[in-house]
Amino acid sequence: LRIATLFDSRAAQLGFAMNKRKFEEPKTSSVESHLVSCSPFQPQYEPEEKIRTVVVENFPMLGKAAAWRFLEWVQENPKGVCSLPTGKTPEYFIKWVQRILQGWQTPEIKEEAKKFGLADAKPELDQLTFVQIDEFYPISPQQHNSFHYYVSEYYIKGFGLDPSKALLMDCSKIGLDLTAPSFGPTGEPQDHHQMSMEDVWPDGHVDLTLRTRDPQTRLERLQQRVLRQVDQWCADYEGKIRALGGIGFFMGGIGPDGHVAFNCQGCDHFSTTRMDQLNYASQAAAAGDLGGIEAVRKRKVITIGLGTVTFNPDCVALICAAGEAKAQVVQRAVEEAPHVNFPATALHKLPRATFFLTAGAAKLLSRRQLAILATREKVDDELVERALVSLCCKRRKRLLDLTEEDLQSCPFAQEVLRRCGRPLSLCATQVRETLIRKIERGCQVRENAKFLHTEPHHDDIMLGYLPSVLRHTRVSSNQHHFVCATSGFNSVSNKHMLMLLERVERFVASPTFQRLCKVDYFSSNGPSAIDFRRRDVWKFLDGIAAADHELRDEGAARRLVYNLCVIFGDSVADGDSSKLLTRVKGLKDYFAKQYAGQKDEKDIQTLKGSCREFEAECVWGYIGWQLPNISHLRLGFYTADIFAPEPTQQRDVLPVLRLLQELQPDVVTVALDPEASGPDTHYKVLQAVTAALQQYSDGTKKKDITVWGYRNVWFRFEPHEVSTIIPVSLQTISTLNHMFLNSFESQRNAEFPAYEIEGPFCAMSQRVQVQQYDMIETCLGYEWFHKHDSPLIRATRGLVFLREMTVQQLLAESRALRQQTENI
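Residues numbered from 1 in each chain as written. Predicted model: local features only at pLDDT ≥ 70, side-chain atom pairs only at ≥ 80, totals over all residues. Heavy atoms only, no water.

1. Remarks on the pattern of salt bridges
Applying the stated rule across the entire model yields 53 salt bridges. Among the salt bridges present, the one from Asp380 reaches Arg376, with a minimum N-O distance of 3.4 Å. Since its relative accessible area comes to 29%, Asp380 is described here as partly exposed. Classification of Arg376 as partly exposed rests on a relative accessible area of 32%. Counted as one network, the salt bridges with shared partners bring together Arg503, Arg506, Arg552, Asp553, Glu745 and Arg748. (Salt bridge = Lys/Arg side-chain N within 4 Å of Asp/Glu carboxyl O. Buried < 20%, exposed > 50% of the residue type's maximum accessible area, 1.4 Å probe, protein only.)

Right under this line is the structure:
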């Protein structure tokens, strides 16, 4: 009873403090005031929005805005406590902070500082206390993909912070100070030498059940002691933060499940610093950083808690998000009431907390969509389609069944129809006819056409619009050329390379290898060279057809032997495999010693990329297309660096231009992705292809080129954004899955998966196509599909969305995306 009374009393105190805090006026930020004055939006639309939200033009501007807000806080709190994020989100934040500080006395920066309302004195960062937000455990601080390395490189060194004032998470030391004696089950002393992480966690796997169960071995007893020491370290870390008065400036991103720091969906809003387990969505998002999801699953994370962030009621908390991919989690974080399902809603209690968003990330904030609508001079048919399709999906009704009551339930749709001046029944009929025309267009097949299919990664075409490729490749008068812009080495794991090298060892020991050496099979020169490379693919596909794994493996091994000879200069022309086997042994040692996600040497990157290129050739071999109708550009902007370079004319545009001049295509396909979390690979390839197309069109005066814009598992079109809707049957879905799982061996186990589904990307593609079908089927009705005269439409179980454009329309679209993503 006493405990319950104390709890109720404490809860009442907390509730009183929270209610009191709710009505406090936040301290005015000159930076935020300036940003709002430059925006078409108010800072907050109550009651829908529960937290202030500032929308900026593009990703670099997001970093610039956060930089000025941070430096404003530094001027007010020169000895304050700050926590700053890792990853790609803060790229422009880091660049702008450094640029501002280095150019503080220049007229340009002085003018900017005046606009943002900063004082004249240069912000000094050397007295700040830095608090690391989170870290994987166990991980060496020397690894370039550890967060400790990141903050040391970009914040401690990059910003000139005092390392002695920093609270960092060095996992090579945490929990290893076992000074107290311990004894085994029979009372004998447990002797421990100077231990390392590798001694305690030899395979990198951390078993949190040891917190609650009895250890079964000496190693488990040691691990349990270390775990409890880590837990105590976390409690001490939390205590140090609170002793400093809490965090004064917190900046973070928001994860696919809405996580802030590593406080995943379902996390207690009063949580403190702790070791925890990531959920699947967060594991998938982190896979690219740690070299694959297997490496992530082994590890746990140490993270500050939501209660850590909100402990200081005066904390300036910024959540930064860029791109349409974040729109759903942002909408929930901003508009939902505080709930454990939405971790960022814990920040609602902070008067000085703000979301900094790009337009794409703010796309689903309801009142802001109404504000944008109010600025439009007229409402066109595309906007009516968007509103009514969305209303159908929300109400789960056909277009023709929508009522005025349904319309009243959606302020956006209601305002759109009011502005367009047409009755609901007429608008619904027109949208229905538009959707039907798009599907009928998707059933058509072009003839006597030359296609240039471009993709940023080797599986983008397949995942994006394979059903259309299949139909158009069945027409013998069509010509097709498939080109991948990047090498793709970042998506090939070391474990996969070890498996491929073992195939090579088995193949080299076979009589077939000796026979092929006699005909100079592995040479890159001579008239038969391209035919030999085709034969690699033929053997691989023969093995798949015959369910003969040895034959399949031989095809892959043939190509890898060739690649090893070309990349490293080893020759096997005389049948002497000793140099090759020495090379293979050295590579196996290399991959075994590399930690997951470690940056590879240049030759190794080329070798990994060549494995992806062979996989792509096998995919197109399924439908009869082979070298030289497949090109691998290996554009130079694609690197393993955290912040990759931008495309250039000489390095990245010219290879595409030469291909256009050589092929003279009628149809060019491009991955037409919107603003993402900055200028990523898809966006950069789009800009390179667009620039090449513009130069080709201007040079040849050819104006009849058709462009197909597609998307796949990362981003999706809405129906109003597309011109063509392609029916997908179960047979086609089955074909896609078979092609993907057999050809893309490096992706079969989904080391770098989508966060929305636990499985390979073909499963994600299937889900997207089925979801798009569900959307259109809801609008048109089940019977429209299944009682249709066409068997193609009757068989439909999925849909692919495409946007058909002219070159000039692509240029306009690309420029619009560029304005969303860059400062131009």
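So that's the structure; there's more coming.
2. Here's the deal with empty space enclosed by the protein
For the coordinates displayed, the defined rule picks out four cavities of 30 Å³ or more. Every residue lining the largest cavity is counted, 13 residues in all, and those nearest its centre are Leu500, Ala556, Cys611, Phe614 and Glu745. Contributions of two or more residues to the lining of the largest cavity are made by α19 (494–508), α22 (549–568) and α24 (602–621). Among the residues forming the lining of the largest cavity, the class breakdown is seven nonpolar, three polar and three charged. The calculated volume of the second largest cavity comes to roughly 90 Å³. Elements with a contribution of two residues or more to the lining of the second largest cavity: α18 (460–473), α28 (761–780) and β16 (796–806). Residue contributions to the lining of the second largest cavity peak at four residues, all from α28. (1 Å grid on protein atoms, 1.4 Å probe; cavity = no way out; pocket = protein on both sides within 12 Å on 5 of 7 lines; lining within 4 Å. Points joined across faces, edges and corners; volume = space filled by probe spheres on them. Helix = DSSP H or I, 4+ residues; strand = E, 2+ residues; numbered from the N terminus. Nonpolar A, V, L, I, M, F, W, Y, C, P; charged D, E, K, R; others polar.)

3. Some remarks on the sheet that holds strand β6 (residues 274–276)
One open sheet holds the three strands; their spatial order is β4-β7-β6, and the pairing between them is antiparallel. The open sheet is flanked by β4 (134–137) and β6, the only strands paired with a single partner. When strand polarity is set aside, the average angle formed by the axes of neighbouring strands in this sheet is 25 degrees. Here four bridges tie β4 to strand β7 (residues 300–303), and the two strands are oriented antiparallel to one another. In the strand pairing of β7, Glu135 is matched with Ile302. (Pairing = 2+ DSSP bridges. Axes fitted to C-alpha atoms, helices over the stretch in contact; angles between N-to-C directions.)

4. As for the pairing of strand β14 (residues 706–710)
With respect to burial, β14 is a largely interior element, five of its five residues being buried. Residue alternation in β14 divides its side chains into two sets, Thr706, Trp708 and Tyr710 and Val707 and Gly709, and both sets are buried. When strand β13 (residues 667–671) meets β14, the two strands line up parallel, connected through five bridges. Residue pairing for β14: Val667 is matched across the bridge by Thr706. The pairing of β14 with β16 spans five bridges and is classified as antiparallel. What sits directly across from Gly709, in β16, is Arg803.

5. Examining the environment of Val561
Looking at the element boundaries, Val561 is found in helix α22. Relative accessible area serves as the criterion here: at 0%, Val561 is assigned to the buried category. When the C-alpha positions of Val561 and Val572 are compared, they lie 9.1 Å apart, and in sequence the two are 11 residues distant. In this structure, Val561 is in contact with Val504, Phe507, Phe513, Phe522 and Leu580, ignoring residues within four places of it in sequence. (Contact = heavy atoms within 4.5 Å.)

6. Observations concerning the nonpolar core
By size, the foremost hydrophobic cluster in this structure holds 69 residues, and its most contacted members are Phe136, Tyr137, Phe250, Ile254, Ile302, Ile304 and Phe355. Counting 67 residues, the second-largest nonpolar core is a separate cluster that includes Cys392, Leu407, Leu452 and Leu672. (Core = buried A, V, L, I, M, F, W, Y, C linked by side-chain atoms within 4.5 Å.)

7. Let's talk about the side chain of Asp553
As for its position among the elements, Asp553 is in helix α22. Residue Asp553 is classed as buried on the basis of its relative accessible area of 14%. Of note is the side chain of Asp553, whose polar atom sits 3.0 Å from the side chain of Arg503. Once you skip the residues sitting within four places of it in the chain, Asp553 turns out to touch Arg503 and Arg506. (Polar contact = N/O pair within 3.5 Å; in protein donor to acceptor, adjacent residues only side chain to side chain.)

8. Topic: the sheet that holds strand β15 (residues 724–729)
For sheets, the rule is that strands pair by backbone hydrogen bonds, running either parallel or antiparallel. On the basis of which strands lie adjacent, the open sheet formed by seven strands has the order β12-β11-β10-β13-β14-β16-β15 and mixed pairing. Two strands in the sheet have a free side with no partner beyond their single neighbour: β12 (630–632) and β15. Averaged over all adjacent pairs, the angle separating strand axes in this sheet is 25 degrees, with direction ignored. In terms of strand pairing, strand β10 (residues 450–455) meets strand β11 (residues 479–484) through six bridges, oriented parallel. Its bridge partner being in β11, Lys450 is matched across the sheet by Gln479. Lying over the sheet, helix α27 (residues 730–743) contacts β15 and β16, oriented at roughly 80 degrees with respect to β15. In the packing of α28 onto the sheet, contacts are made with β15 and β16, and the angle to β16 comes to roughly 90 degrees.

9. Observations concerning the environment of Lys240
Looking at where Lys240 falls in the secondary structure, it is placed in helix α8 (residues 218–243). Lys240 gets classed as partly exposed once you look at its relative accessible area, which sits at 48%. In the structure, Lys240 is positioned 109 residues away from Val131 in sequence and 9.9 Å away in space, judged by C-alpha atoms.

10. Some thoughts on the packing of helix α14 (residues 381–395) against helix α17 (residues 424–442)
Relative orientation of the contacting elements α14 and α17 amounts to 95 degrees, with a least axis distance of 10 Å. In terms of orientation, α14 lies roughly perpendicular with respect to α17. On α17, the residues touching Val384, Glu385, Leu388 and Val389 of α14 are Leu424, Cys427, Ala428, Val431, Thr434, Leu435 and Lys438. Among the residues forming the contact of α14 with α17, the class breakdown is eight nonpolar, one polar and two charged. (Parallel < 35°, antiparallel > 145°, perpendicular 65-115°, else oblique.)

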